[in-house]
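An overview of the molecular structure
The lines below spell out each chain.
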Amino acid sequence: MRLLTHNMLSSNIKGVTSGFPLRIEVEKMVEKEVELNADFLRNMFAKVEWKALVEASKTLGYTELPDNVEPSMLDSDEFLNRFHHALLELHLEEGALVCPETGRKFPVNKGIPNMLLHEDEV
């Protein structure tokens, strides 16, 4: 699961009001090389919750993202490379996503998060 996906997911358990960002528990992480597309990154920048991306990338062992950003940074090749690597090349292969409010763990197996709710959570 890419951090792009993580950045778009939240816990939808009944009664949960702060289900984002999901905490990551890592059992296995892999890096998969992807061709950089600067236009895609520039378009996604405004949609990404930056603080959640930084924390998620740190959880996966990548500490090269700045804590604070501004749109002008998209003109920097160095920034685009770091943003690209964190967003698209770091993959949570095995582990769990944890609801910040309830502590409910959603397993991630073979890079696929299972966000299905139990009957009493709907």
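Along each chain, residues carry numbers from 1 onward, in the same order as the chain's sequence is written. Side-chain atom pairs in this predicted model are given and counted only at pLDDT of 80 or more, local residue features only at pLDDT of at least 70, and totals for whole chains, interfaces and linings cover all residues. Hydrogens are left out, water is left out, and the side-chain values use all remaining heavy atoms of the structure.

Looking at an unreviewed UniProt entry, one finds the protein named Multifunctional methyltransferase subunit TRM112 A-like and attributed to Salvia divinorum.

Once that is clear, we can look at the nonpolar core. Counting 32 residues, the largest nonpolar core has Trp50, Leu53, Phe83, Leu87 and Leu97 as the members making the most contacts within it. The set of elements that each furnish at least two residues to this core consists of α1 (3-8), α2 (38-45), α3 (50-59), α4 (77-89), β2 (90-98) and β3 (105-109). The leading source of residues in this core is α4, at six residues. For this analysis, residues touch if any pair of their heavy atoms sits within 4.5 Å. Excluding residues within four positions of it along the chain, Trp50 makes contact with Phe45, Leu65, Pro66, Asp67, Asn68, Val69, Phe79 and Phe83. Grouping buried Ala, Val, Leu, Ile, Met, Phe, Trp, Tyr and Cys residues that are joined through side-chain atoms within 4.5 Å yields what is termed a nonpolar core. Exposed residues in this analysis have more than 50% of their type's maximum accessible area, buried residues have under 20%, and partly exposed residues fall in between, with area computed by a 1.4 Å probe over protein chains only. To qualify as a helix, a DSSP run of H or I must reach at least 4 residues; to qualify as a strand, a run of E must reach at least 2; elements of each kind are numbered from the N terminus.

Side chains Phe106 and Val108 project from β3 onto a buried face, and the interleaved Lys105, Pro107 and Asn109 project onto a face without burial. Summarising the sheet, β2 and β3 pair through four bridges and their orientation is antiparallel. Opposite Val98, over in β3, you have Lys105 as the bridge partner. Count of turn residues in the β2/β3 antiparallel hairpin: six residues, of which Gly103 carries a positive phi of about 80 degrees. Only strands joined by at least two bridges in the DSSP assignment are considered to pair. Of the pairings in the sheet, the one linking β3 to strand β4 (residues 112-113) comprises two bridges and is antiparallel in character. Counterpart to Asn109 in the pairing with β4 is Ile112. Linkage of β3 to β4, two consecutive antiparallel strands, is achieved through a turn of two residues, within which Lys110 is found at a positive phi near 55 degrees.

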